[in-house]
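Listed below, chain by chain, are the residues.
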Amino acid sequence: MPANDRIIEPEIEPKPTVREATEAKAPEGMITIDADTGPLRSETKTFGKQPSTGGGGDGTFHKRLPPVDFSASLKAGVTAVRRNLAIVMLFTIASNILVLAIPTYLFQISDRVLTSRSLDTLVMLTIVIIGAVILQAAFDALRRFILMRTAVEIAAQLGAPILSAAARASLQSNGREYQVLGDLQQVRSFLVSRTLLSFLDAPIAPLFVVAVFLIHPHLGCIVVLTALMLLVFTQINQRMTAEPFAEANTAQVKANLHLESMSRNSQIINALAMIPETVQIWGKDTASSLKSQVIAQDRNITIAAISKACRLLTQIAMLGWGAFLSIEGQLTGGMVIAASIIAGRALAPIEGAIEGWNQYSQSRAAYARITALLKSSPLNFDRLNLPKPEGRLDVERLLYVPQGTKRVVLNGISFALQPGDSLAIIGNSGAGKTTLGKMLVGSILPTSGSVRLDLMDLRNWDQRQFGENIGYLPQDVQLFPGTIKANIARMRLDADDEQIYRAAMLADVHEMIASLPHGYETVVAADGAPLSGGQKQRIALARAFFGDPRMVVLDEPNSNLDNAGDTALLQALRHAKEHKITVATITQRPSLLSSVDKVLLLANGTVALFGMRADVLKAIEARGIDINTGSFGHQLQ
Ligand SMILES: Nc1ncnc2c1ncn2[C@@H]1O[C@H](COP(=O)(O)OP(=O)(O)OP(=O)(O)O)[C@@H](O)[C@H]1O
Ligand SMILES: [Mg+2]
């Protein structure tokens with residue numbers, strides 16, 4: 001803090017007792033006001049006896065969505081899977097036992113029908129066996145029906161929670177978490193895969209081994225030996241393929257992220273003829289993914305082929321040794337063939353597991369990522385629902401060092417605003433204005449220090465309630481694909497038309513919107529078409545003021561505006577003043593300064609000057625700087 005600055009100091013320092021008392025009410029994740037099982041439920045519960053008002057007047061408790069509890073959603077999903085798998089297991093046991101029908105038939109025909117020459121026995125036997133086979137097919141189909149529905153169930157249970165948690169988590173990263181939705185897809189396809197069926201069949205395999213033992217212990221030993229050998233192959237397969245498959249996956253994720261950014265920037269890619277370069281970047285990642293996949297699949301296929309050969313050789317061994325035993329008179333021909341078929345059934349699940357091991361391990365990893373995302377989401381912590389804020393803002397010793405860098409972007413920023421205050425944040429390009437603005441609305445979190453709205457740290461506000469009570473116009477305005485009306489209403493379906501109209505009037509966009517062929521129903525494309533840059537900015541201004549916010553941050557709201565736009569902005573600021581809305585406006589243009597109470601001059605991430613407008617302007621002038629040139633910061637160095 002500059003020593004010669006007398007203006008910064010006397011800002012209100014909240015009494016510690018008040019602060020402690022307020023914060024003590026909301027320890028992290030401790031207070032649950034009303035429990036619900038997650039975002040899938042549509043019913044809304046209100047807090048206390050107050051009717052929900054959407055925006056709420058002063059002192060009215062605010063409407064909230066049902067509190068999210070991702071752990072509960074996860075538990076519900078997992079319980080559904082467990083329950084369904086238990087039912088599927090019953091069908092699996094039944095259908096596996098019925099599988100024994102055909103070897104039994106064979107055995108009976110060769111050893112009983114052919115020797116006794118009884119037609120009646122043949123007919124009876126055939127009828128029973130046909131029944132068994134049909135039943136087996138039906139059971140098999142039933143278990144697959146159930147698995148398919150389980151996959152749908154888990155997608156329905158977890159889709160919304162995952163997307164919510166990913167959207168929240170992406171605040172701290174570059175949007176990688178959105179890929180977890182793809183992980184859900186992976187888990188879903190595992191649930192309907194042949195691999196899972198093999199896994200389900202596996203526990204029944206010992207039963208078949210016992211059946212072979214009962215036919216002859218020698219044959220049983222051959223099956224057990226092969227099974228052990230196949231299990232060893234499974235382990236080898238897992239060891240040899242895990243790494244290349246993981247590499248393939250990582251490269252694929254990178255390629256996908258790049259693809260996303262390409263689709264976002266398609267206009268610039270075309271304008272600057274960057275297609276070959278962008279395709280090349282994508283191609284590099286895709287190629288390395290494919291390369292790793294080929295390595296992994298090569299190993300997988302080789303081991304699968306060896307294990308298949310092993311299984312076939314086992315059957316030959318069984319037939320050969322069985323023939324020898326029947327020559328010795330210990331077995332009949334029918335028994336030998338039946339034993340060979342049963343052995344095949346015993347070994348098939350192991351073979352299936354080897355082939356599908358990669359899918360299994362990928363799905364397991366995907367599930368682990370889903371669990372981690374859902375369990376660690378800050379949305380899980382329910383916050384105390386507070387009265388509608390008045391708009392008092394306290395910023396204390398903010399320090400911001402972006403993750404993974406050593407650069408101090410903001411350093412020791414402290415100031416305070418009373419409800420209804422308007423503040424202009426000025427400073428050179430790169431001074432940290434946008435970063436400070438984002439911090440005021442909680443879209444980035446400070447490394448240390450705090451931003452508090454009505455004495456409560458932003459981190460402890462119920463996120464939904466906080467968002468509804470603030471407005472933000474970012475420097476880089478992006479609208480959502482959808483109608484202008486929906487954009488102004490922040491995509492809320494329950495917004496009433498009057499609120500939308502009021503916001504549009506406030507930002508003075510009503511006339512502009514009315515002149516569009518479809519008015520408020522005009523659909524805005526992802527790139528903002530058919531709106532111009534200035535029009536987009538004004539619709540974003542309306543969005544910022546939608547729903548009667550108590551604190552609004554505008555980041556260079558007039559960078560694209562003409563004179564009419566400037567007038568609209570001044571009108572919005574006047575409205576804010578009348579309604580005691582706290583406004584922080586980041587600007588490079590001195591013209592806005594005439595309509596604010598306080599000015600904060602930011603230089604290199606620190607507060608150079610802060611105070612009442614007249615005082616700050618005088619201080620700037622005293623230093624011989626002409627603010628009309630629109631350049632302040634570096635002259636102070
Ligand atoms: N995530 C980040 N990692 C590294 N540096 C960052 C990060 N975010 C911001 N910065 C740096 O912080 C500085 C301030 O950026 P900011 O966008 O806040 O400037 P600004 O004052 O809004 O500038 P302008 O007037 O051009 O909009 C810049 O030098 C920028 O490089
Ligand atoms: Mg900026």
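The following refers to the structure shown. Since we're looking at a predicted model, the values are computed, not measured.

Describing the overall build of the chain
Along its length, the chain carries 20 helices and twelve strands. Looking at the chain residue by residue over its 637 residues, the buried ones come to 37%.

Some details on the nonpolar core
One finds Ala-507, Ala-542, Phe-545 and Val-552 to be the most contacted residues of the largest nonpolar core, which totals 79 residues. Here this core takes six residues from helix H18 (residues 533–545), the largest share from any one element. Look past the residues within four positions of Val-552 in its chain and what remains in contact with it is Ile-470, Gly-471, Ala-544, Phe-545, Ala-576, Ile-581 and Val-583. Formed by 28 residues, the second largest nonpolar core is a distinct cluster that contains Phe-208, Ala-211, Leu-219 and Met-318.

Thoughts on the site of ligand 1
Around ligand 1 there are 13 residues in total, and Pro-402, Ser-429, Lys-433, Thr-434 and Thr-435 lie nearest to it. In terms of residues, the shell around ligand 1 owes the most to one element, helix H13 (residues 433–440), which gives three residues. Tallied by class, residues from the shell around ligand 1 come to three nonpolar, eight polar and two charged.

A word on the environment of Thr-606
Structurally, Thr-606 can be placed in strand S12 (residues 606–612). As for Thr-606 and Ile-413, which are separated by 193 residues in sequence, their C-alpha atoms are 6.0 Å apart. Leaving out residues up to four positions away in the same chain, Thr-606 has contacts with Asn-411, Gly-412 and Ile-413.

Topic: the pairing of strand S3 (residues 422–427)
The element S3 is largely enclosed, with a buried count of six among its six residues. Neither face of S3 is open: one carries Ser-422, Ala-424 and Ile-426, the other Leu-423, Ile-425 and Gly-427, and all of them are buried. Two strands pair when backbone bridges link them, and S3 and strand S10 (residues 582–586) are joined in this way by four bridges, in the parallel orientation. Opposite Ser-422, over in S10, you have Val-583 as the bridge partner. Summarising the sheet, S3 and strand S11 (residues 598–603) pair through five bridges and their orientation is parallel. Directly across from Ile-425, in S11, lies its bridge partner Leu-600.

What to know about the sheet that holds strand S1 (residues 393–400)
A sheet is described by the order of its strands in space; here four strands give the open sequence S2-S1-S4-S5, paired in antiparallel fashion. The two strands at the open ends of the sheet, each matched to only one other strand, are strand S2 (410–417) and strand S5 (456–457). In this structure, S1 lies alongside strand S4 (residues 448–453), joined through five bridges in antiparallel fashion. Opposite Leu-399, over in S4, you have Ser-448 as the bridge partner.

Description of the pairing of S10
Counting buried positions along S10 yields five of five residues, so the element is predominantly enclosed. Burial along S10 is two-sided: the residues Thr-582, Ala-584 and Ile-586 and Val-583 and Thr-585 are all buried. Running through helix H19 (residues 563–578), the crossover from strand S9 (residues 551–555) to the neighbouring parallel element S10 is right-handed.

Here we look at the packing of helix H2 (residues 70–99) against helix H12 (residues 357–376)
One way to put it is that H2 packs onto H12 with a least axis distance of 8 Å and a crossing angle of 145°. Contacts between H2 and H12 involve Phe-70, Ser-71 and Leu-74 from the first element and Thr-371, Leu-374 and Lys-375 from the second. The residue inventory of the contact of H2 with H12, partitioned by class, reads three nonpolar, two polar and one charged.

Topic: the sheet that holds S10
Strand order in the open sheet made by the six strands is S6-S9-S10-S3-S11-S12, with mixed pairing throughout. Two strands lie at the open edges of the sheet, namely strand S6 (470–473) and S12, each paired on one side alone. Strand-to-strand twist of the sheet, defined as the mean angle between neighbouring strand axes without regard to direction, takes the value 15°. The pairing of S9 with S10 spans five bridges and is parallel. Residue pairing in the sheet places Met-551 in a bridge with Thr-582 of S10. Its contacts with the sheet place H18 against S6 and S9, and it is angled at close to 165° to S6. Packed on one face of the sheet, H19 meets S3, S9 and S10 and runs near 135° to S3.

What counts and how
- Residues numbered from 1 in each chain as written.
- Chains lettered and ligands numbered in written order.
- Predicted model: local features only at pLDDT ≥ 70, side-chain atom pairs only at ≥ 80, totals over all residues.
- Helix = DSSP H or I, 4+ residues; strand = E, 2+ residues; numbered from the N terminus.
- Buried ≥ 20, exposed ≤ 12 C-beta atoms within 10 Å, placed from the backbone.
- Core = buried A, V, L, I, M, F, W, Y, C linked by C-beta atoms within 7 Å.
- Contact = placed C-beta atoms within 7 Å.
- Near = placed C-beta within 6 Å.
- Nonpolar A, V, L, I, M, F, W, Y, C, P; charged D, E, K, R; others polar.
- Pairing = 2+ DSSP bridges.
- Right-handed = clockwise from strand over helix to strand, strands pointing away.
- Axes fitted to C-alpha atoms, helices over the stretch in contact; angles between N-to-C directions.

So, to be careful, I would describe these as geometric facts and stop short of saying anything about function.
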